[in-house]
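Results of the structural survey
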Protein chains: 2
Amino acid sequence: MSHTGTLNYQWAFSLINHFALQGVSQAVISPGSRSTALALACEKHPDITTWIQIDERSAGFFALGLAQRQQLPVILICTSGSAVTHWFPAVVEASHSYTPLLLLSADRPQQLQNCGANQTIDQRSLFSSHVRSTLLIEEASEILLNNAYLKQISTQAYAQSVQHKPGPVHINIPFKEPLLPKRFTREDLNHYINLLGTQLLAKSKSKTIKSADSAPKAAVSTLSISQVRLELLTETINSGNGLIICGRLSSREQTGLYELLFQLTKKLNCPALIDPLSNLRFIQRGFTPQGSSHFVYNYDHFLKQHHITGHTPLKPDWIIRLGQFPTSKNLMLYLQSLNSHTILISSYGDKLDPLHKANTQIHCSPVQFCKQILPTSVRTQPENWLNSWQKLEQASETKIAQSLTGMDQSTLFEGHVIDTLLKSIPDNSFIFSGNSMPIRDFDTFITRRSTHNKSIDIYANRGVSGIDGNLSTFLGLLADQADKDKQYAVALVGDLTFYHDMNGLLMCKKLSAMGYTATIIVINNNGGGIFNYLPQQQLNDFDKLWNTATDLDFQYSARLYGLNYLKIENQHDLENKLADVFLQTGIQLVEVIIHQKTSVECHANI
Amino acid sequence: MSHTGTLNYQWAFSLINHFALQGVSQAVISPGSRSTALALACEKHPDITTWIQIDERSAGFFALGLAQRQQLPVILICTSGSAVTHWFPAVVEASHSYTPLLLLSADRPQQLQNCGANQTIDQRSLFSSHVRSTLLIEEASEILLNNAYLKQISTQAYAQSVQHKPGPVHINIPFKEPLLPKRFTREDLNHYINLLGTQLLAKSKSKTIKSADSAPKAAVSTLSISQVRLELLTETINSGNGLIICGRLSSREQTGLYELLFQLTKKLNCPALIDPLSNLRFIQRGFTPQGSSHFVYNYDHFLKQHHITGHTPLKPDWIIRLGQFPTSKNLMLYLQSLNSHTILISSYGDKLDPLHKANTQIHCSPVQFCKQILPTSVRTQPENWLNSWQKLEQASETKIAQSLTGMDQSTLFEGHVIDTLLKSIPDNSFIFSGNSMPIRDFDTFITRRSTHNKSIDIYANRGVSGIDGNLSTFLGLLADQADKDKQYAVALVGDLTFYHDMNGLLMCKKLSAMGYTATIIVINNNGGGIFNYLPQQQLNDFDKLWNTATDLDFQYSARLYGLNYLKIENQHDLENKLADVFLQTGIQLVEVIIHQKTSVECHANI
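Thresholds, definitions, all that
- The residue count restarts for each chain, going from 1 along the sequence in the order it is written.
- Lettering for chains starts from A, numbering for ligands starts from 1, and both go in the order in which the items are written.
- Given that the model is predicted, a residue must reach a pLDDT of at least 70 before its local features are reported, and side-chain atom pairs must reach 80 or more before they are shown or counted; all residues, however, enter totals for whole chains, interfaces and linings.
- Excluded from the side-chain calculation are hydrogens and water; included are all heavy atoms of the structure.
- Here, the term disulfide refers to a pair of cysteine sulfur atoms separated by no more than 2.5 Å.
- Partly exposed residues are those whose accessible area sits between 20% and 50% of the maximum for their type, while under 20% is buried and over 50% is exposed, using a 1.4 Å probe and protein chains only.
- Only DSSP runs of H or I reaching four residues or more are called helices, and only runs of E reaching two or more are called strands; each is numbered from the N terminus.
- To estimate how far a helix should reach, multiply one less than its number of residues by 1.5 Å.
- Polar contacts, as counted here, are pairs of nitrogen or oxygen atoms within 3.5 Å of one another; within protein the pair requires one atom able to donate a hydrogen and one able to accept it, and residues that are adjacent in sequence qualify only if both atoms are side-chain atoms.
- Residue ranges for the domains trace back to a domain assignment, done automatically or taken from a database.
- Should any heavy atoms of two residues lie within 4.5 Å, those residues are counted as being in contact.
- Computed with a 1.4 Å rolling probe, the buried area is the accessible surface lost when two parts are put together, summed over both parts.
- Within this document, salt bridges are pairs made up of a side-chain nitrogen of Lys or Arg and a carboxyl oxygen of Asp or Glu, the two lying within 4 Å of each other.
- We call a set of buried residues a nonpolar core when its members are Ala, Val, Leu, Ile, Met, Phe, Trp, Tyr or Cys and they connect through side-chain atoms within 4.5 Å of each other.
- Two strands make a pair as long as DSSP finds a minimum of two bridges between them.
- Angles run from 0 to 180 degrees between N-to-C directions of axes, and those axes are lines fitted to C-alpha atoms, restricted for helices to the stretch in contact.
- Small angles under 35 degrees read as roughly parallel and large ones over 145 as roughly antiparallel, with 65 to 115 read as roughly perpendicular and the rest as oblique.
- Polar here means any residue other than Ala, Val, Leu, Ile, Met, Phe, Trp, Tyr, Cys and Pro, which are nonpolar, and Asp, Glu, Lys and Arg, which are charged; Gly is therefore polar.
- A residue counts toward the fit only if its pLDDT is at least 70 in both copies, and the copies are then superposed by least squares on the C-alpha atoms of those residues.
- Here a crossing is called left-handed whenever its near helix is offset anticlockwise from the far helix by less than a right angle, and right-handed whenever the offset is clockwise.

Right, let's talk about the state of the cysteines for a bit. All names here are of chain A. Under the criterion given, the structure shown has zero disulfides over all chains. Summary of cysteine pairing: cysteine 246 is not part of a disulfide, and the nearest cysteine sulfur, belonging to cysteine 370, is at 8.6 Å. Owing to a relative accessible area of 0%, cysteine 246 belongs among the buried residues under this scheme.

Structure follows, in structure tokens:
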């Protein structure tokens, strides 16, 4: 009989190897004892890059960011007990943002359950309905090691995490003591590899971090629209004036969409309202020099005017929605007022329709939708329909630009930060946006003009739109860049979001040491401005219960985690110093001080 | 029909009021929008004290600490979405440490489920088997408001959280928009209160923080031992030499136990091995001037010697175990080697017996056990049995004291910290111990001599023994002190534990402003020394995978959160400066730098 520690290691190595053979290349590990064999197996596997993050909560979000860039599942590893539960916030976000994760929790064996053993909890259904599935693995055994059991488990887990509805999969793995192989040498490793009899992707330990482009994407089947439905669709489209609305898209949905939607809106002569998180507002490198004139950006602004003035807005006969429900509250109010025939294109089969307006839901990707509609007999819509939208767009764009430049130099608010950020950021960058105010401000202030014909990707945790784990997600997105200066990376978050995931900054030292550069901009209005826009603001208890000022001076966070630090308090410094920050090496923290009162006034003015 | 916002508020106020009527007095709130009515109801209720903590994870542990001191359920409130999942680590600890919590999560109404609404997730079974129950409340309605529905829910939730097996209860509460009452004045409040027709515990808003002593304890029924079982028990006790082992006890189990166990061990002339977390090592104020000579403290030390030398240790004929399985690994190895007849006294019906040694499990509290055994015909055991244990105890005590004083002044390790802490800490204090090394060191270094006849309570999160949420738990324990200088409070944690819950320190500013004083001692050995004692230490990958140095300089944490800061790097400073720290106002952070190599050597020497 094999030594239990050796068997544990072979067991873990075999499982990790099966994942590696399917293309998994990244593992995020929170140190612990029970998970020893899993951690070692990842570290020793030639095709797995390991990342260490002590706080499992931040580890979960870091893996989420990595997986979103990779469009491949990322492995998470932690020890038994409460450690596993810290993944939950990231699991929920992964589930709702369709991000594949492989959650490998170590556990104590069955005999130590329900008898007061240390760090032992019921791990069988920790994530309830928020994982695609939970797989409970048997304890290591020689018989199962030598048949296809672990291969079956890993194939199943991989498929469930990347197939029609990508998301997290929980794999619980009990380990008996001793947890470690007796000896551990290079020869042992080779011996185990041979013993497993499996083919390794690489023969040498050449751990390079694969970029989003070079890594193999998860190969998934494509759902296509049936001929009957396609005919009904073209009939609807030809029945009157229509509108395409494109909300947040997952990385997988974005791939290849820009060009197809560009062609489709041109063929239909139809406006498309473009949420910043669809990543269709910025031009695509090598495709269009100017972007599409059919894409509408400033609807949040002009629909708000309609809303305020009670002016009857444009009424489409049909609406086709792609992706998640859009960010803009004014667009939501507009859609609520309409009775247009609404078709929901749902990549993952979910009904992303909080207004309950969809007449039809079609289960296919936006790319597939465009591909199938383009060759049909759909007709071009009248020029005046598109023109009406374009006129509103242009008026809003001018108004926004004028408002920003027209303000007193001493005034500083979020609009200036975004405008200057977009002006100063290098072409070919990505931006991670916090929830609450930042994403709403991006929605308002990314105009056609402010994109400066740059190619920029926008990310945000909009699955469940939490203020949690944002810094770690950003660092995970950053970490997946083989060529570290390929895309410059900026995060823009509020102070509460920054506070909530400060522990995630522990990864910065490692990333800096590895040569990564990035900037985190924290908009510090001391307590989360969003509640200023909600009715709670009228209550006497507002300051205590909602306007939760942290009174934190983030320069100390910067010093704690070894970030370069800059504080900006006026427009002049913003315009003169921000571009320089992007030239620095390492990871920068820029704290922009904004007064809540000023911010509310400026937003109201625009 | 009532305005929905008004109805929401009445709904929330009624629920909170029913909890207040049962004795609940503390609510820990993480700000959010959907939870508005709940937060307001707590804030406006005359008998509820509210605490604000932005990070829900830290909020959960803060409530855990409060509830442990109060021995009463504490309310947690947060908004919908991923926010709720951050409670999970504290929920798991509360479940395993038998701590009552009322988890009130706001939710979106049913019609917004499963349709892509923002911040909306399936909240129905988030905590799976780790809550005593999950209660899904209906949306606010006038009909249900005016009957006993919410009273029924709150009575049920309260009972499930405090009865035979105390623990967390999840109550999920959907709210429709608008979330707020139209107007909100003092008259409205009175109107609502009258409308509810319920009796308030206090007529005026006199929010004082009730201390553990003054607060009403949850009234629970007592399980007693049947006559048949009692006879079998006394038979066992009279059958030979026995040993009582007392592990960690919950606050409720501790109440009244010291005196009874003192009497019982005296009557039986029987040794009792006392885990530091039973809170029986320190004398009880007003009861004994010297403590019990039957209580054995240094078993970890002398059992280790036996383990090393292979010397045959003392063999009891029977063992009675009270509370959780003890902390000491050497005691565990000793118990594993025995075949004594073992009786497990289980307060909450759980089989806390990871060695599977219990012959009988009796469902009653240690207090009840003592009360029923004392009047029986149990016989006194032979003097030499007790003496053998006392001799070992004394030899170990002398050896430990000599080792500590005999070391080079330049040497500094955990033993010195604990010895000096116990010497300098004011009488009538409480200490919160981190897991991993600190609790093991307390186990070793709290000798009869080092207690200095002080009365000190020791707390730790030993339900699942995580490194998570420790600072927040400590601050929660601290917060429940009406008379703020009644008990001095010290936390002793390692650097990884400190790092994991730094966000919890946000509460320090408020506590300092309210006049609380306390000291947090962080033993910084840069990476968690415990793995040095595990076999992983032999691996080449040890430093990367387990010895996870954070390289953080905690003086910046102190500055970020407004703590006074002192760094200690040698025995001289420890002995001369620590006592002064305890005289300062506000919250102090003392960072003690210990070198892992020194620490391992010193532990080995002793």
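Structure shown, so let's carry the discussion forward.
Attention now goes to helix H3 (residues 56-70) of chain A. All names here are of chain A. The end-to-end C-alpha separation of H3 is 21 Å, in line with the 21 Å expected for 15 residues at 1.5 Å each. Where H3 begins, the side chain of aspartate 55 points an oxygen toward the backbone nitrogen of arginine 57, at a separation of 2.9 Å. At the exit of H3 stands glutamine 71, carrying a positive phi of roughly 55 degrees.

Another aspect to go through is the domain arrangement of chain A. Residue and element names in this part refer to chain A. If you check the domain split of chain A, you get domain 1 (4-214), domain 2 (227-392) and domain 3 (407-605). Here the C-alpha centroids of domain 1 and domain 2 sit 40 Å apart. Counting residues at the interface gives 10 residues for domain 1 and 10 residues for domain 2. Of the roughly 820 Å² buried between domain 1 and domain 2, counting both surfaces, carbon and sulfur atoms make up 42%. The tally of links from domain 1 across to domain 2 stands at one salt bridge.

As a further point, take the pattern of salt bridges. Inspection of the entire model under this criterion finds 24 salt bridges over all chains. Between aspartate 55 of chain B and arginine 57 of chain A there is a salt bridge whose closest N-O contact spans 2.7 Å. Here aspartate 55 of chain B is found in the loop between strand S2 (49-52) and helix H3 (56-70), whereas its partner arginine 57 of chain A is found in helix H3 on a different chain. Both residues of the pair, aspartate 55 of chain B and arginine 57 of chain A, count as buried. The shortest N-O distance in the salt bridge between arginine 281 of chain A and aspartate 443 of chain A comes to 2.6 Å. Here arginine 281 of chain A is found in the loop between strand S8 (272-274) and strand S9 (295-296), whereas its partner aspartate 443 of chain A is found in helix H17 (residues 437-445), with 162 residues between them in sequence. Relative accessible area serves as the criterion here: at 1%, arginine 281 of chain A is assigned to the buried category.

With that out of the way, let us pick up the nonpolar core. Of all hydrophobic cores here, the largest spans 124 residues; its most connected members are Phe498 of chain A together with Phe498 of chain B. Excluding residues that lie within four positions of it along the chain, phenylalanine 498 of chain B makes contacts with Leu471, Val493, Leu505, Ile520, Val522, Phe554, Ser557 and Leu589 of chain B.

A few words on the interface of chain A and chain B. Facing 79 residues of chain A, the contacting portion of chain B comprises 79 residues. Buried surface at the junction of chain A and chain B, both sides included, amounts to about 6900 Å², of which 59% is carbon and sulfur. There are two salt bridges connecting chain A and chain B. On inspection of chain A and its partner chain B, the count reaches 32 residue pairs in polar contact (both at pLDDT 80 or more). If you tally residues by element for the side of chain A that touches chain B, the top one is helix H2 (residues 36-44) of chain A, at five residues.

Residues and elements named next belong to chain B. Here strand S5 (residues 133-136) shows a buried face lined by Ser133 and Leu135 and an unburied face lined by Thr134 and Leu136. In terms of strand pairing, S5 meets strand S6 (residues 168-174) through four bridges, oriented parallel. Bridging from a neighbouring strand, leucine 135 pairs with isoleucine 171 of S6.

The subject of this paragraph is the packing of H3 of chain A against helix H5 (residues 88-96) of chain A. All names here are of chain A. The N-to-C vectors of H3 and H5 enclose an angle of 25 degrees; their axes lie 7 Å apart at closest approach. The angle between H3 and H5 falls in the class roughly parallel. Along the contact surface, H3 presents Arg57, Gly60, Phe61 and Leu64, while H5 presents Pro89, Ala90, Glu93 and Ala94. In terms of residue class, the contact of H3 with H5 is built from five nonpolar, one polar and two charged.

All names here are of chain A. Taking strand neighbours across the sheet as the criterion, the six strands line up as S2-S1-S3-S4-S6-S5 in an open arrangement whose pairing is parallel. The open sheet has two edge strands with one neighbour each: strand S2 (49-52) and strand S5 (133-136). Going across the sheet, the axis of each strand differs from the next one's by a mean of 20 degrees, ignoring polarity. Sheet contacts for H3: strand S1 (26-29), S2, strand S3 (74-78) and strand S4 (101-107); angle to S3, the most-contacted strand, approximately 170 degrees.

Residue and element names in this part refer to chain A. Among the structural elements, aspartate 495 can be located in helix H19 (residues 495-500). When its relative accessible area of 1% is taken as the criterion, aspartate 495 is described as buried. Residues aspartate 495 and glycine 32 lie 463 residues apart in sequence; the distance between their C-alpha atoms is 31 Å.

So, about the relation of the copies chain A and chain B. In the superposition of chain A on chain B (RMSD 0.0 Å, axial shift 0.0 Å), the rotation amounts to 180 degrees. Taken together, the rotation angle and the small translation identify this as a two-fold axis. Residue tyrosine 556 of chain A of chain A places its C-alpha closer to the rotation axis than any other residue of that unit, at 2.7 Å. An overlap of 100% is found between the interface residues of chain A and their copies at the interface of chain B, pointing to a shared contact surface.

The subject of this paragraph is the packing of helix H18 (residues 470-479) of chain A against helix H20 (residues 506-513) of chain A. Residue and element names in this part refer to chain A. The contact between H18 and H20 brings their axes to 10 Å, and the two run at 20 degrees. Accordingly, the angle class assigned to the pair H18 and H20 is roughly parallel. Along this stretch, H18 crosses H20, giving a crossing that reads as left-handed. Taken together, the residues of H20 that come into contact with H18 (itself represented by Leu475, Leu478 and Ala479) are Met507, Cys508 and Leu511.

Let us look at the pairing of strand S16 (residues 518-524) of chain B. Residue and element names in this part refer to chain B. The buried fraction of S16 is high, at seven of seven residues. Burial of S16 is two-sided: the residues Ala518, Ile520, Val522 and Asn524 facing one way and the residues Thr519, Ile521 and Ile523 facing the other way are all buried. Note: strand S15 (residues 488-494) against S16, five bridges, orientation parallel. Paired with valine 493 across the two strands is valine 522, which belongs to S16. Both S16 and strand S18 (residues 587-593) contribute to a ladder of seven bridges, which runs parallel. By the bridge assignment for S18, isoleucine 520 is matched with leucine 589.

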